[in-house]
Amino acid sequence: MNKALVIMAIITIALVVYAFETAQLPPASIEYTEVFYVDNQSVTFITQDGFGLFTMKINPDVDNFELKIEFPEGTTYLVRYGSEQFRGETTFKIKVRKGDSPQEVYVHFQLPEELTKKVIYEGATPEIRIIGEKAPFWHSEDVIYIKYRKEKK
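A quick note: this is a predicted structure, and the numbers were derived from the prediction, not measured. (Residues numbered from 1 in each chain as written. Predicted model: local features only at pLDDT ≥ 70, side-chain atom pairs only at ≥ 80, totals over all residues. Heavy atoms only, no water.)

*Asks:* Please clarify how the side chain of T90 should be interpreted in this entry.
*Replies:* One can find T90 in the loop between β7 (84-89) and β8 (91-96). At 3.2 Å, the side chain of T90 and the backbone nitrogen of G74 are in polar contact. Leaving out residues up to four positions away in the same chain, T90 has contacts with I69, E70, F71, P72, E73, G74, T75 and Y77. (Helix = DSSP H or I, 4+ residues; strand = E, 2+ residues; numbered from the N terminus. Polar contact = N/O pair within 3.5 Å; in protein donor to acceptor, adjacent residues only side chain to side chain. Contact = heavy atoms within 4.5 Å.)

Take a look at the structure:
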(Lines give C-alpha, C1' and ligand atoms only; values in the text may rest on other atoms or scores of the structure.)
Protein backbone atom coordinates (compact mmCIF):
# COMPACT_ATOMS: atom_id res chain seq x y z
CA MET A 1 0.00 0.00 0.00
CA ASN A 2 2.87 2.39 0.71
CA LYS A 3 4.20 2.00 -2.84
CA ALA A 4 0.86 3.10 -4.24
CA LEU A 5 0.81 6.19 -2.02
CA VAL A 6 4.38 7.12 -2.98
CA ILE A 7 3.59 6.73 -6.70
CA MET A 8 0.41 8.84 -6.33
CA ALA A 9 2.37 11.52 -4.42
CA ILE A 10 5.06 11.64 -7.12
CA ILE A 11 2.46 11.92 -9.88
CA THR A 12 0.60 14.65 -7.97
CA ILE A 13 3.79 16.65 -7.39
CA ALA A 14 4.75 16.30 -11.06
CA LEU A 15 1.32 17.55 -12.15
CA VAL A 16 1.47 20.52 -9.77
CA VAL A 17 4.96 21.47 -11.02
CA TYR A 18 3.77 21.16 -14.62
CA ALA A 19 0.71 23.30 -13.86
CA PHE A 20 2.87 26.06 -12.34
CA GLU A 21 5.25 26.04 -15.29
CA THR A 22 2.57 26.17 -17.97
CA ALA A 23 0.03 28.47 -16.30
CA GLN A 24 0.03 31.94 -17.78
CA LEU A 25 -2.15 34.47 -16.06
CA PRO A 26 -1.61 38.09 -17.08
CA PRO A 27 -0.28 40.26 -14.24
CA ALA A 28 -2.12 43.29 -15.63
CA SER A 29 -4.57 44.37 -18.25
CA ILE A 30 -2.91 46.56 -20.87
CA GLU A 31 -4.79 48.87 -23.20
CA TYR A 32 -2.85 50.18 -26.21
CA THR A 33 -3.17 53.47 -28.08
CA GLU A 34 -1.64 53.99 -31.55
CA VAL A 35 -1.54 50.22 -31.98
CA PHE A 36 -3.86 49.01 -34.72
CA TYR A 37 -5.25 45.60 -35.55
CA VAL A 38 -4.31 44.89 -39.18
CA ASP A 39 -4.48 41.47 -40.88
CA ASN A 40 -4.91 39.67 -37.52
CA GLN A 41 -1.82 41.39 -36.08
CA SER A 42 -1.24 44.22 -33.63
CA VAL A 43 0.67 46.85 -35.60
CA THR A 44 2.32 50.18 -34.89
CA PHE A 45 3.51 52.37 -37.73
CA ILE A 46 6.81 54.20 -38.17
CA THR A 47 7.65 57.38 -40.04
CA GLN A 48 10.06 57.47 -42.94
CA ASP A 49 12.96 58.20 -40.60
CA GLY A 50 12.19 55.18 -38.39
CA PHE A 51 10.38 56.85 -35.47
CA GLY A 52 7.38 55.20 -33.84
CA LEU A 53 5.15 55.94 -30.88
CA PHE A 54 2.51 54.13 -28.86
CA THR A 55 0.95 54.32 -25.40
CA MET A 56 0.07 51.61 -22.90
CA LYS A 57 -2.43 52.08 -20.08
CA ILE A 58 -1.56 49.47 -17.46
CA ASN A 59 -4.00 48.33 -14.79
CA PRO A 60 -2.04 45.91 -12.54
CA ASP A 61 -3.66 42.83 -11.00
CA VAL A 62 -0.56 41.95 -8.95
CA ASP A 63 2.00 44.12 -7.19
CA ASN A 64 5.62 44.54 -8.30
CA PHE A 65 5.55 42.59 -11.53
CA GLU A 66 8.29 43.10 -14.10
CA LEU A 67 7.35 44.85 -17.32
CA LYS A 68 9.83 44.28 -20.12
CA ILE A 69 9.71 45.77 -23.60
CA GLU A 70 12.03 44.13 -26.13
CA PHE A 71 12.68 46.18 -29.25
CA PRO A 72 14.53 45.02 -32.38
CA GLU A 73 18.32 44.99 -31.95
CA GLY A 74 19.82 48.50 -32.06
CA THR A 75 16.54 50.35 -31.53
CA THR A 76 16.77 53.38 -29.26
CA TYR A 77 13.85 54.32 -27.03
CA LEU A 78 12.47 56.95 -24.70
CA VAL A 79 9.89 55.56 -22.26
CA ARG A 80 7.92 57.74 -19.89
CA TYR A 81 6.49 55.86 -16.90
CA GLY A 82 4.66 58.13 -14.48
CA SER A 83 6.90 61.15 -13.93
CA GLU A 84 10.10 59.28 -14.85
CA GLN A 85 11.77 59.10 -18.25
CA PHE A 86 14.07 56.30 -19.36
CA ARG A 87 16.36 56.30 -22.39
CA GLY A 88 18.08 53.22 -23.66
CA GLU A 89 18.57 50.70 -26.41
CA THR A 90 16.95 47.37 -27.28
CA THR A 91 15.44 46.30 -23.89
CA PHE A 92 13.47 48.27 -21.28
CA LYS A 93 12.61 46.83 -17.83
CA ILE A 94 10.75 48.24 -14.85
CA LYS A 95 8.80 47.03 -11.81
CA VAL A 96 5.14 48.05 -11.93
CA ARG A 97 3.50 48.79 -8.59
CA LYS A 98 -0.17 48.02 -8.06
CA GLY A 99 -0.88 51.13 -5.97
CA ASP A 100 0.02 53.39 -8.91
CA SER A 101 -2.73 52.05 -11.14
CA PRO A 102 -3.70 52.80 -13.77
CA GLN A 103 -0.34 53.85 -15.16
CA GLU A 104 0.27 55.29 -18.58
CA VAL A 105 3.48 54.33 -20.33
CA TYR A 106 4.48 56.40 -23.34
CA VAL A 107 6.87 54.59 -25.68
CA HIS A 108 8.80 56.52 -28.33
CA PHE A 109 11.34 54.55 -30.36
CA GLN A 110 13.60 54.83 -33.38
CA LEU A 111 14.69 51.87 -35.46
CA PRO A 112 18.27 51.73 -36.72
CA GLU A 113 18.71 53.12 -40.23
CA GLU A 114 19.34 49.75 -41.91
CA LEU A 115 16.24 48.17 -40.34
CA THR A 116 14.14 51.22 -41.27
CA LYS A 117 15.13 50.76 -44.93
CA LYS A 118 14.15 47.07 -44.75
CA VAL A 119 10.75 47.94 -43.30
CA ILE A 120 10.02 50.66 -45.86
CA TYR A 121 11.46 49.14 -49.04
CA GLU A 122 11.41 45.38 -48.44
CA GLY A 123 8.30 45.06 -46.28
CA ALA A 124 10.12 43.59 -43.28
CA THR A 125 8.01 43.40 -40.10
CA PRO A 126 10.20 43.49 -37.00
CA GLU A 127 8.43 43.04 -33.70
CA ILE A 128 8.23 44.59 -30.27
CA ARG A 129 7.60 42.13 -27.43
CA ILE A 130 5.87 43.32 -24.29
CA ILE A 131 6.31 40.87 -21.44
CA GLY A 132 4.79 41.08 -17.98
CA GLU A 133 5.77 38.49 -15.43
CA LYS A 134 6.01 37.68 -11.77
CA ALA A 135 6.84 34.27 -10.33
CA PRO A 136 5.40 31.70 -9.95
CA PHE A 137 2.75 31.80 -12.70
CA TRP A 138 1.96 35.38 -13.69
CA HIS A 139 3.08 35.79 -17.30
CA SER A 140 1.81 37.49 -20.42
CA GLU A 141 3.39 38.34 -23.72
CA ASP A 142 2.12 40.64 -26.45
CA VAL A 143 3.72 41.13 -29.84
CA ILE A 144 3.39 44.37 -31.78
CA TYR A 145 4.62 44.33 -35.38
CA ILE A 146 6.29 47.38 -36.86
CA LYS A 147 5.20 48.48 -40.33
CA TYR A 148 5.44 51.51 -42.58
CA ARG A 149 2.22 53.09 -43.81
CA LYS A 150 2.59 54.33 -47.35
CA GLU A 151 0.84 57.63 -47.99
CA LYS A 152 -1.54 57.77 -50.92
CA LYS A 153 -0.98 60.67 -53.30
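Picking up where we left off.
*Asks:* Would you explain the pairing of strand β3 (residues 41-46) in this entry?
*Replies:* Side-chain positions along a regular strand alternate between the two faces of the sheet. The sheet contact formed by strand β2 (residues 36-38) and β3 spans three bridges and is antiparallel. Its bridge partner lying in β3, Y37 is registered against S42. Where β2 hands over to β3, the hairpin turn is made up of two residues, of which D39 adopts a positive phi near 50 degrees. Here four bridges tie β3 to strand β11 (residues 138-148), and the two strands are oriented parallel to one another. Paired with I46 across the two strands is Y148, which belongs to β11. (Pairing = 2+ DSSP bridges.)

*Asks:* Any chance you could explain the packing of aromatic side chains here in plain terms?
*Replies:* Any pair of aromatic rings gets described here by the distance separating the centres and the angle formed by the planes. Going through the model one piece at a time under the given rule, you end up with six aromatic pairs. On the basis of an interplanar angle of 75 degrees and a centroid distance of 5.8 Å, the ring pair of Y77 and F92 is categorised as edge-to-face. Of this pair, Y77 sits in strand β6 (residues 76-81) while F92 sits in strand β8; the two residues are 15 residues apart in sequence, bridging distant segments of the chain. Using a relative accessible area of 10% as the deciding quantity, one classes Y77 as buried. (Phe/Tyr/Trp six-rings, centres within 6.5 Å; stacked < 30°, edge-to-face > 60°. Buried < 20%, exposed > 50% of the residue type's maximum accessible area, 1.4 Å probe, protein only.)

*Asks:* Explain unusual backbone geometry here, please?
*Replies:* For residues other than glycine, phi is negative in most cases, and the peptide bonds are mostly trans. One non-glycine residue with positive phi stands out, namely E34, at about 65 degrees. Locating E34 in the fold gives a position in the loop between β1 (28-33) and β2.

*Asks:* Can you help me understand the side chain of T44 in this one?
*Replies:* By secondary structure assignment, the location of T44 is in strand β3. Accessibility expressed as a relative area gives 0% for T44, which makes it buried. Within the local environment of T44, its side chain forms a polar contact with the backbone oxygen of E34, the two atoms lying 3.3 Å apart. In this structure T44 touches E34, L53, F54, F109, I128, I144, Y145, I146 and K147, once residues within four positions along its chain are discounted.

*Asks:* What should I look at first to understand the environment of T22 in this one?
*Replies:* Here T22 is to be found in helix α1 (residues 2-22). Take T22: its relative accessible area is 41%, and that puts it in the partly exposed class. In the structure, T22 is positioned 115 residues away from F137 in sequence and 7.7 Å away in space, judged by C-alpha atoms.

*Asks:* Can you walk me through a nonpolar patch on the surface in this structure?
*Replies:* A grouping of I7, M8, I11 and L15 is seen on the molecular surface, where their side chains present a nonpolar patch of about 400 Å² in accessible area. Take L15: it is sitting in helix α1. Accessibility expressed as a relative area gives 54% for L15, which makes it exposed. (Patch = residues over 30% accessible without salt bridge, like charges linked within 9 Å, V, L, I, M, F, W, Y side chains within 5 Å. Areas by Shrake-Rupley, 256 points an atom, 1.4 Å probe, with all protein chains shown as cover. Salt bridge = Lys/Arg side-chain N within 4 Å of Asp/Glu carboxyl O.)

*Asks:* I keep staring at the environment of G52 and nothing clicks. Help me out?
*Replies:* Structurally, the position occupied by G52 is in strand β4 (residues 51-60). G52 gets classed as buried once you look at its relative accessible area, which sits at 4%. As a C-alpha pair, G52 and M8 span 44 residues in sequence and 54 Å in three-dimensional space. With sequence-adjacent residues up to four places away left out, G52 is seen in contact with F45, I46, V107, H108 and F109.

*Asks:* Is there a simple way to explain the pairing of strand β10 (residues 127-134) in this structure?
*Replies:* By the bridge criterion, five bridges tie strand β5 (residues 65-70) to β10 in an arrangement that is antiparallel. Residue pairing in the sheet places E66 in a bridge with E133 of β10. Sheet topology places β10 next to β11; eight bridges connect them, and they run antiparallel. Within the sheet, the bridge partner assigned to E133 lies in β11 and is H139.

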